[in-house]
Amino acid sequence: MERLPRNHTVSRIGRFLVRPSRPTVDRYLAATLRESFGEPGCPLCRMLEGKERRALEAILWEQVNDPATADRLAAARGFCWEHTWALVPAGAAVHSHLGVAILLERLLRDAFRSGPARNGLARWLRPLEPCPVCEWLGQAEKTLVSATTQLVQQEPSLVYRQPGLLCRPHATALAGLLSDFPWTAWHERAEQERVSWSPLELLQHDVGRRPWYVPRPAALPAVCPHCLTEPPGHDRRWSWLRALWQPPLADCSLEVCLGHAAANDQVVPWYEELAALLDDVAAFIAAHDYRFRGTLNLAQRGSWLRALARLVGTVPAAGPHEQAQRMTV
């Protein structure tokens, strides 16, 4: 058998080694994305929603008393507005509103230690780190958009032939990364399907995924009066808040949130109100201990909900705490 010259073999190996590699998507991630495209709705929004829920449930299930988690939340001043309110369904999912109360009590007590002066509170409200869930979701979203871009390059029909349809924000993100994104086909399909969508489905397509929980003042034991008069914003959270808004009841307690307490030029009794709230939250936490023999009044039973409203307000971006946060799609 005739043998090829050694330099010929080396040349062939060299050509193979320098051949440009085509970017590939992790096989498990690709399979998960294809599966998500097989269901109605935006596949990326659905995957991000699942990741968001698992992250919050994991924190409440196993990290409430973890020192590293406590330090991270202290530096971030808790979660952003959206993920602070998402603690309501997350706590219900893992049967741990006690965990929510413990996290809130720890954060609010730290704010209380900033002192009664508004400038001290304003300094405390400036996070040293971003919301941990937003940061994690931002990285996850970047990975999903990149992987979907590569899949669409290989299978353009994913955009317009599968049951799943990218929402407008995610379609726009992909079009910015992919010069030959089938925008016309996506737009034609979206226009055809819009006629059968409900108002909330239309909103979800136009602005992106619905926050896991949107506070409705009519269902809350207390709201911030300044939040009620805050000029509406234009981001995804405000769009959903306007769609689901319910005005507070006439006898609803009005308690100034920390963001507006720090920004308000008028004297507000936020420090004394916060001290009373901390007592109520402490009573709620103690009620879960077998040694507790007292009874909880209405304020104490709703204390952890009031603590949510006190920490981040009833509307997004009410104070410095929110203005420094980073948003995901």
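Residues numbered from 1 in each chain as written. Predicted model: local features only at pLDDT ≥ 70, side-chain atom pairs only at ≥ 80, totals over all residues. Heavy atoms only, no water.

### Description of the overall build of the chain
Each helix and strand counted, the chain has 19 helices and two strands in total. Here the chain holds 329 residues, and 46% of them are scored as buried. Of the roughly 17200 Å² of accessible surface on the chain, a fraction of 54% belongs to carbon and sulfur atoms. (Helix = DSSP H or I, 4+ residues; strand = E, 2+ residues; numbered from the N terminus. Buried < 20%, exposed > 50% of the residue type's maximum accessible area, 1.4 Å probe, protein only. Areas by Shrake-Rupley, 256 points an atom, 1.4 Å probe, with all protein chains shown as cover.)

### A closer look at the confidence of the model for the chain
Looking at the chain as a whole, the pLDDT averages 88, with 88% of positions reaching at least 70. The element-level mean pLDDT for the chain is lowest in helix α1 (residues 6-17), coming to 51, with helix α12 (residues 199-207) highest at 96. The low-confidence segment residues 16-21 (pLDDT under 50) makes zero contacts with residues lying over four places distant or belonging to another chain. (pLDDT = per-residue confidence, 0-100. Contact = heavy atoms within 4.5 Å.)

### Comments concerning a nonpolar patch on the surface
Among the surface-exposed residues, L228, W245 and L254 lie close enough to one another that they form a single nonpolar patch of about 250 Å² accessible area. Structurally, the position occupied by L228 is in helix α13 (residues 225-228). In this structure L228 comes out as partly exposed when scored by relative accessible area, which is 30%. (Patch = residues over 30% accessible without salt bridge, like charges linked within 9 Å, V, L, I, M, F, W, Y side chains within 5 Å. Salt bridge = Lys/Arg side-chain N within 4 Å of Asp/Glu carboxyl O.)

### Section: the side chain of E52
Mapped onto the elements of the fold, E52 is located in helix α3 (residues 43-62). We classify E52 as buried; its relative accessible area is 1%. When neighbours within four sequence positions are excluded, E52 is seen to be in contact with E82, H83, V133, L137, R209 and W212.

### Re the pattern of salt bridges
Two side chains that carry opposite charge are able to pair once their charged atoms sit near each other. Per the stated rule, a full pass over the model turns up 17 salt bridges. One salt bridge connects R189 with E193, and the closest N-O pair in it is separated by 2.7 Å. Of this pair, R189 and E193 both sit in helix α11 (residues 183-194), four residues apart, which is roughly one turn of that helix. According to the relative accessible area criterion, R189 is buried, its value standing at 10%. Bridged by salt links that share partners, the residues E255, E273, D280, R306 and R310 form one connected network.

### Here we look at the nonpolar core
L166, F181, L258 and W304 are the most contacted members of the largest nonpolar core, which totals 88 residues. A per-element tally of this core places helix α9 (residues 132-154) first, with nine residues. The residues contacting L166, other than those within four sequence positions of it, are F37, C42, P43, L44, A171, L174, F181, W186 and H205. (Core = buried A, V, L, I, M, F, W, Y, C linked by side-chain atoms within 4.5 Å.)

### Topic: helix α14 (residues 236-244)
Taking burial as the measure, the nine residues of α14 include seven buried ones, the bulk of the element. For α14, every residue scored as buried is listed here: R236, R237, W238, S239, W240, L241 and L244.

### Remarks on the layout of surface pockets
Quantified by volume, the largest pocket comes out at close to 360 Å³. Every residue lining the largest pocket is counted, 15 residues in all, and those nearest its centre are P40, G41, C42, E201 and Q204. Breaking the lining of the largest pocket down by element, the ones donating at least two residues are α3 and α12. Of the residues belonging to the lining of the largest pocket, the class tally is eight nonpolar, three polar and four charged. Estimated volume of the second largest pocket: approximately 200 Å³. Looking at the second largest pocket, the residues that line it are L29, T32, E35, S36, E39, R46, M47, G50, K51, R54 and L144. Elements with a contribution of two residues or more to the lining of the second largest pocket: α2 (27-37) and α3. Looking at the lining of the second largest pocket, the element that brings in the most residues is α3, giving five residues. (1 Å grid on protein atoms, 1.4 Å probe; cavity = no way out; pocket = protein on both sides within 12 Å on 5 of 7 lines; lining within 4 Å. Points joined across faces, edges and corners; volume = space filled by probe spheres on them. Nonpolar A, V, L, I, M, F, W, Y, C, P; charged D, E, K, R; others polar.)

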